[in-house]
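Chain by chain, the residues run as shown.
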Amino acid sequence: MRPLILIIIFASSVLSSALIGQNAPFESPYDSPVFLKQKAKGVERENDYLLAMSYYDKLKNMRPDNEFFWERHAYYSLVNKDYANAEKSYEHLKEQGRSDFDVIFYLARTKKHLSKYNEAVELLEKLKKDMRKTKEYGEVRKLLSAELEGCFLAQRMERVENAYTVKPLSRSVNSRQFEGSPVWINEDQFIYASHKNLELTLFDKDSNTEIPERAMFSAKRKGAGNWDSPKKSYQAPYIKSDGNFGNAAFNATRDKFFFTLCEKNDQFKIECKMYWSLLENGSWSTPQLIPGEINMDGYSSTQPTMGYETMRGREVLYFVSDRPGGKGGMDIWYAILSDRKNRFVSVSNAGSRINTAGNEMTPHYTLPDSVLYFSSDGHPGMGGLDIFQTKGERVMWDEPINIGIPFNSPQDDLYFQPKKGKKEGLLVSNRVGSTPLYGATCCDDIFYYKFEKPVELFAEIQLMDEESRVCLNGEELQMFVHDKYTDDKFLINQFKQSDCLVRVALNPDLKYSFEGNLPKYLSDELVIETVDIEESKVFR
């Protein structure tokens, strides 16, 4: 089974072409299928997932009988979080008779991302039954069980009322780029990572334009519920100014600052190293690579958070790495700070209670309650990465708990950053409502959560023949979300009508449109706006 690629510092593939969404006729010999296939293989070697998706999209449209092109397009669409198009390509492969593990498993995971849990369960249960007859069943049994349990968990959670709301921060913070790794400086200010070139849309790798790097920015509270960010690189003596910067953390006494710098190595693999700066005699030291065994050549060490040992009072650094000896993809590791040597020793895996055959990332340790928040796609979850919490230290942990709706969504949710008291805080997500670059769920944004009365919004829509008034059951309804600033619309889901009704949940402060995918009919467009609605409502 091909492991799904998780891009640990935002999605570096966004630094690529301006070809996305273009299906224009091929006008030169360089746009032939042979040439485009060579280009696609080249960008795959460079781990340029966004451009690979674009090339394979063109190739599958030129050669619709070539299953390989469909498979690669489906895979890279899922990697780039374009779930609606990933579903279409995986469905095409299934309709062509493909029943191998990768196609069915990732089709099921895509349907989870689209909240189609019943369809995902049907696929996963059949896949689990078929895999029992194979020698590979032992390798995938836990993975399939976790995916199924996640579907059932999501269906239960959908019916649970919750007194928290989660809303994206304004465009002064969230650009069309990737925002992430927020860290509180004080009660009214946090720093976060984004691209230095904020006017960037999609990067043309064949131009002479310098590839933009990521830097730290600051956001301050400006009135109730509003945050202001000047979008100027945040300058502090504990920050190294050059390189791709992200994933910062302070220790509890705020005299140590940790962060990550990431670059592509000679094999085009993103490799991250961790640095620190120390507050000594009122001044911050020049940032240095963390000494000891934290960083390992050829592998990434990233996403630091600091805790304490209960018994001995020593500081513990928890971090994420893909180094050998892990349980799956990205694992959470830890190391003890030796007061005598002022270096971290005894790097160890945080254990199988936390780490799975999937990926665990973005840990955040809170004191004095010794609670660890982290994101995982290996524990039972609603879609991709879900946020979990556990209590403990080192390798001794309680059973992780999925913190549920609305913190988790069918998309990816990570970087959970509660404020003191934990009734409000920050998280990062690519859920619908984020500011899109090339698709409605492409890009991570920073969201603010708060304890308050939630607003539940739904749309109930019927597809029917205008003359006969007969319901068109089995026909497809397409759902789009509009960019808040450009009004561009992006396909986010498609549903087949049954019982003369399609009922879908809506998020607040968005503009949606719905269209029937009906070749034999002239389809109307239904527009629904959920802006400034303070009470629960069903749009009919």
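Residues numbered from 1 in each chain as written. Predicted model: local features only at pLDDT ≥ 70, side-chain atom pairs only at ≥ 80, totals over all residues. Heavy atoms only, no water.

Asks: Is there a simple way to explain the confidence of the model for the chain in this structure?
Replies: Atom-level detail of predicted coordinates should not be read off regions where pLDDT is low. Model confidence for the chain is summarised by a mean pLDDT of 84, while 88% of its residues fall at 70 or above. Within the chain, the lowest mean pLDDT, 81, falls on strand 5 (residues 227-228), and the highest, 97, falls on strand 16 (residues 371-376). Note on residues 2-27: pLDDT under 50 across the span, and 86 contacts to partners over four residues away in sequence or across chains. Here residues 200-212 scores under 50 on pLDDT; set against residues more than four positions off or in separate chains, the count is 34 contacts. (pLDDT = per-residue confidence, 0-100. Helix = DSSP H or I, 4+ residues; strand = E, 2+ residues; numbered from the N terminus. Contact = heavy atoms within 4.5 Å.)

Asks: Help me understand helix 5 (residues 101-113), please; the structure alone is not making it clear to me.
Replies: Residues lying three or four places apart along an α-helix face the same way, a consequence of the helix completing one turn every 3.6 residues. Look at helix 5: 18 Å from first C-alpha to last across 13 residues, which is about the 18 Å you get at 1.5 Å a residue. In terms of burial, helix 5 is largely enclosed, as 13 of its 13 residues are buried. Count one or two residues on from helix 5 and you reach serine 115, which has phi positive near 65 degrees. (Expected span 1.5 Å × (residues − 1). Buried < 20%, exposed > 50% of the residue type's maximum accessible area, 1.4 Å probe, protein only.)

Asks: Explain helix 4 (residues 83-95) to me, please; I cannot follow it from the model alone.
Replies: In this model, helix 4 (13 residues) spans 18 Å end to end at C-alpha, consistent with the 18 Å of a helix rising 1.5 Å per residue. When helix 4 is considered as a whole, its buried residues turn out to be Tyr83, Ala84, Ala86, Glu87, Ser89, Tyr90, His92 and Leu93. Residues of helix 4 that are buried sit in contact with helix 2 (49-62), helix 3 (67-79), helix 5 and strand 25 (489-496).

Asks: What exactly am I supposed to notice about the pairing of strand 23 (residues 457-461) here?
Replies: On any regular strand, side chains alternate: one points to one face of the sheet, the next to the other face. Most of strand 23 sits inside the fold, with four of its five residues counted as buried. Relative to strand 26 (residues 502-506), strand 23 runs antiparallel, the two being bridged by five bridges. Bridge assignment links isoleucine 461 to a residue of strand 26, and that residue is valine 502. As defined by bridge partners, strand 23 adjoins strand 29 (residues 537-539) across three bridges and the pair is classed as parallel. (Pairing = 2+ DSSP bridges.)

Asks: How should the state of the cysteines be read in this particular structure?
Replies: Working definition: the covalent bond between the sulfur atoms of two cysteines is a disulfide. As enumerated under the stated definition, the model contains three disulfides in all. At a sulfur-sulfur separation of 2.1 Å, the disulfide partner of cysteine 262 is cysteine 272. Sign of the S-S torsion, about 110 degrees for the bond between cysteine 262 and cysteine 272, identifies this disulfide as right-handed. One end of the pair, cysteine 262, is in strand 7 (residues 256-264); the other, cysteine 272, is in strand 8 (residues 270-280), and ten residues separate them in sequence. Here cysteine 262 and cysteine 272 have matching classes, each one buried. Across a sulfur-sulfur distance of 1.5 Å, cysteine 471 and cysteine 500 are joined as a disulfide pair. Looking down the S-S bond of the cysteine 471 and cysteine 500 bridge, the torsion is -50 degrees, so its handedness is left-handed. With cysteine 471 in the loop between strand 23 and strand 24 (476-482) and cysteine 500 in the loop between strand 25 and strand 26, the pair connects residues that are 29 residues apart, well separated along the chain. (Disulfide = S-S within 2.5 Å.)

Asks: Is there a simple way to explain the pattern of salt bridges in this structure?
Replies: When the charged atoms of two side chains with opposite charge come close together, those side chains can pair. This structure, assessed with the given rule, holds 31 salt bridges. Ionic pairing is found between arginine 109 and glutamate 147, a salt bridge with its closest N-O pair at 2.5 Å. Taken together, the residues arginine 109 in helix 5 and glutamate 147 in helix 7 (residues 137-157) connect sequence positions 38 residues apart. By relative accessible area, which is 6% here, arginine 109 ends up buried. In this structure, lysine 273 and aspartate 297 form a salt bridge, with 3.5 Å as the shortest nitrogen-oxygen distance. (Salt bridge = Lys/Arg side-chain N within 4 Å of Asp/Glu carboxyl O.)

Asks: What is the right way to read the side chain of glutamate 393 from this model?
Replies: Note that glutamate 393 resides in strand 17 (residues 386-393). A polar contact of 2.5 Å, which involves the side chain of glutamate 393, links it to the side chain of threonine 310. Non-local contacts of glutamate 393, meaning those with residues more than four positions away in its chain, are made with Tyr308, Glu309, Thr310, Tyr318 and Tyr365. (Polar contact = N/O pair within 3.5 Å; in protein donor to acceptor, adjacent residues only side chain to side chain.)

Asks: I keep staring at the packing of helix 1 (residues 33-45) against helix 2 and nothing clicks. Help me out?
Replies: Helix packing geometry: the angle between the two helix axes and the distance between the axes. Two elements in contact, helix 1 and helix 2, have axes whose closest approach is 9 Å; the angle formed by their N-to-C orientations is 155 degrees. Compared by their axis directions, helix 1 and helix 2 come out roughly antiparallel. You can see that helix 1 and helix 2 cross each other, and the crossing is left-handed. Here Pro33, Leu36, Lys37, Lys39, Ala40, Lys41, Val43 and Glu44 of helix 1 lie close against helix 2, whose contacting residues are Leu51, Ala52, Tyr55, Tyr56, Lys58, Leu59 and Met62. In the contact of helix 1 with helix 2, the residues fall into ten nonpolar, no polar and five charged. (Axes fitted to C-alpha atoms, helices over the stretch in contact; angles between N-to-C directions. Parallel < 35°, antiparallel > 145°, perpendicular 65-115°, else oblique. Left-handed = near helix turned anticlockwise from the far one by under 90°. Nonpolar A, V, L, I, M, F, W, Y, C, P; charged D, E, K, R; others polar.)

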